[in-house]
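The chain contents come next:
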Amino acid sequence: MHPSFTEPEAALRAADVPVVRVHRDPGRSWLLDPSSVPADADLVVLGRPDNPTGVLDPLATVEALARPGRTVVVDEAFAEFLSDADGVAGRRDLSGVVSVRSLTKLWGLAGLRVGYVVGPAPLMARLAAGRQLWSCDSLALTALEALTGAEDERRDRAADAAGRRSELVDALRGVDGLRVWDTAANFVLIQGPMPRLHERLLAHGLAARRADTFPGLDDHAVRVAVRDRETNRRLVQALHAIVRGGLGMTTVEDLIEAVVAVDAGAADTARERHAALAKPPGSLGRLEDLGVQLAAIADACPPPVPSAPVVVVAAADHGVHAQGVSDWPQAVTAAMISTIAAGGAAVNAIAGAVGARVVAVDVGTLASGALPEGVRDERVRAGSADLAVEPATSLDKCRAAVAAGARVAAALVDGGTDLLVTGEVGIAKTTASACLLAAYSDADPADVTGKGANLDHGRTAHKVDVVRALGRHGADRDPLSTLASLGGLEHAALVGVMLAGAAARVPVVVDGVVTGAAALAAVALCPELAGYLIPGTNRSSRAGEHCPTGSARWPAGPAAAAAAAAAARRRDRCVAGGAARAGRGTGPR
């Protein structure tokens with residue numbers, strides 16, 4: 001019967017026994033139709049509860065299958081989870097029916113794999129005479145004797161598991177687009193609307209049994225175990241994020257809800273591993289901090305070493321340019337994003353050196369018509385308004401830009417990206433960035449405003465005056481309203497990139513004052529996000545001191561700076577990963 005494990009089928013085929021597959025119908029909740037089994041079948045193998053569907057065929061189905069001249073093997077490995085665990089094993093009146101039982105599913109005794117077979121005495125004698133060798137020691141026999149006599153405790157454990165299972169099934173059915181089947185076991189079969197569901201859950205630090213190895217199922221489905229309530233909650237939360245992203249339904253609130261704090265336990269484990277290495281404590285410096293952070297992000301120690309980085313460069317124009325804050329015309333923005341798309345900018349050279357891709361996204365330049373080849377069109381509006389006069393964007397446009405950035409990031413992660421690097425282009429962006437830095441950190445505008453890309457400081461004092469006037473938009477703005485009022489569309493898009501990355505438990509490199517300002521906005525919206533942000537460099541500017549990860553301004557531009565930082569981080573992660581993997585008493589390789 002399929003879907004099911006293929007070991008019995010493989011053993012029979014290896015003995016040149018012809019096998020017929022009978023597939024359960026998901027439309028019947030996977031319940032087996034006895035009439036679908038060929039009448040001349042002399043050996044029938046099925047699960048009860050079935051694995052991986054969890055369906056519990058009624059005993060009437062087994063009765064209909066039992067007949068003279070036929071052996072029916074019923075895998076009852078999960079029967080201990082039933083309120084009435086007798087099942088087929090308790091039926092001595094069924095001709096040729098064999099029950100295979102396990103005591104390792106419900107009781108979970110470490111190091112012990114023990115079970116038993118119940119069936120007609122003549123058949124059991126034949127099996128005993130020809131049984132294969134199987135390790136069965138005194139400890140396993142003692143466990144077998146003790147557990148088969150602990151019916152009251154078995155019922156209590158089964159009732160507890162049933163309660164958690166019911167809660168999990170109800171919560172899973174609240175996930176849009178997710179198909180969930182009833183189950184009588186300690187696992188649930190689910191099917192999502194997108195492929196590679198197993199890999200998507202892994203990206204959230206959650207392991208599930210892939211289902212595409214079962215005949216009749218594909219990679220849209222996984223079998224998830226019923227765990228403790230906190231783990232079940234994390235699973236449901238991750239599925240909400242995965243399905244929402246896959247269906248394009250992501251909103252700012254959805255993204256925030258999907259982000260969970262990095263795992264403090266994994267971070268502690270990573271610190272313990274570092275402490276056990278044969279080296280002076282802390283001698284790897286920031287590498288040790290990086291290894292700890294990657295472990296916390298992945299909820300795993302040692303953490304996976306990112307190997308598929310992508311630099312997302314968001315482009316937008318700024319209405320505050322009208323205030324004379326920049327030496328450069330706004331046409332430079334479109335020219336620069338076109339150059340990046342063509343592979344001719346500093347960010348491309350640095351990214352190419354480490355095997356990183358660069359994705360150029362126009363979220364709000366003044367360019368009209370078709371965009372240059374290679375530029376992803378996510379335009380929300382043609383540039384922002386002059387923030388010195390009115391809010392830079394409406395709340396709706398700001399939300400749209402966040403969603404645009406999230407779409408880009410979600411598609412990249414879906415394609416295998418495991419490290420997001422943030423960058424941007426846009427003339428007058430540093431003025432808007434200084435406004436955000438001052439608004440979110442209560443810093444003095446003079447401390448967060450520099451010359452930006454200007455040739456000298458001739459305009460800096462005027463920029464400071466523009467930033468000082470940011471209070472005209474109101475002092476009681478919430479974080480999203482502040483972003484809409486003072487930020488650029490590229491800031492909002494990068495907020496979306498960061499939130500979507502964190503929702504998928506993917507680290508995000510942030511470097512530069514502009515991306516640092518976007519990070520401040522993102523963390524103001526979702527404080528749990530901070531743990532996913534990796535600083536590109538040490539702080540080397542006064543503005544950088546106010547960014548949640550620290551930042552620096554590089555002459556080549558923040559996008560190139562972040563790519564360079566990612567290159568260094570990729571090298572450092574290999575060292576940090578090696579240290580995390582080194583055994584006790586060994587040094588870093």
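Our structure is the block above this text.
Note that this is a predicted model, so its numbers are computed, not measured. (Residues numbered from 1 in each chain as written. Predicted model: local features only at pLDDT ≥ 70, side-chain atom pairs only at ≥ 80, totals over all residues. Heavy atoms only, no water.)

### Comments concerning the layout of surface pockets
Okay, so step 1: Taken as a whole, the second largest pocket spans an internal volume of roughly 860 Å³.
Okay, so step 2: If you go around the second largest pocket, you meet 41 residues; those closest to its centre are Arg200, Ala203, Val413, Ala504 and Val506.
Okay, so step 3: Residues of the lining of the second largest pocket, tallied by class, amount to 25 nonpolar, 8 polar and 8 charged. (1 Å grid on protein atoms, 1.4 Å probe; cavity = no way out; pocket = protein on both sides within 12 Å on 5 of 7 lines; lining within 4 Å. Points joined across faces, edges and corners; volume = space filled by probe spheres on them. Nonpolar A, V, L, I, M, F, W, Y, C, P; charged D, E, K, R; others polar.)

### Regarding empty space enclosed by the protein
Okay, so step 1: Applying the stated criterion across every chain, the model contains 2 cavities of 30 Å³ or more.
Okay, so step 2: Quantified by volume, the largest cavity comes out at close to 50 Å³.
Okay, so step 3: Take the lining of the largest cavity: its biggest share by element is 3 residues, from helix α7 (residues 229-246).
Okay, so step 4: Together, Val312, Ala314, Val361, Ala404, Gly405, Val408, Ala493, Leu494 and Val497 line the second largest cavity.
Okay, so step 5: Among the secondary structure elements, those contributing two or more residues to the lining of the second largest cavity are β9 (309-316), α13 (395-414) and α18 (489-503). (Helix = DSSP H or I, 4+ residues; strand = E, 2+ residues; numbered from the N terminus.)

### Thoughts on the pairing of β9
Okay, so step 1: Of all 8 residues that make up β9, 8 are buried, and the element is covered over most of its length.
Okay, so step 2: Here β9 shows no split at all, with Pro309, Val311, Val313 and Ala315 on one side and Val310, Val312, Ala314 and Ala316 on the other all buried.
Okay, so step 3: Judged from the 7 bridges that link them, β9 and strand β12 (residues 419-425) form a sheet pairing that is parallel. Across the sheet, the residue bridging to Val313 is Gly423, located in β12. (Buried < 20%, exposed > 50% of the residue type's maximum accessible area, 1.4 Å probe, protein only. Pairing = 2+ DSSP bridges.)

### Some remarks on the packing of aromatic side chains
Okay, so step 1: Summed over the entire model, instances satisfying the criterion amount to 4 aromatic pairs.
Okay, so step 2: Both rings, one in Phe78 and one in Phe187, keep their centres 5.0 Å apart while their planes meet at 85°; by these two values the pair is edge-to-face. Taken together, the residues span a long stretch of sequence, with Phe78 in the loop between β2 (71-76) and β3 (97-102) and Phe187 in strand β6 (residues 187-191) at a distance of 109 residues. This pair shows no difference in class: Phe78 is buried, exactly as Phe187 is.
Okay, so step 3: Three or more aromatic residues joined by ring pairs make a cluster, and in this case those are Phe78, Phe81 and Phe187. (Phe/Tyr/Trp six-rings, centres within 6.5 Å; stacked < 30°, edge-to-face > 60°.)

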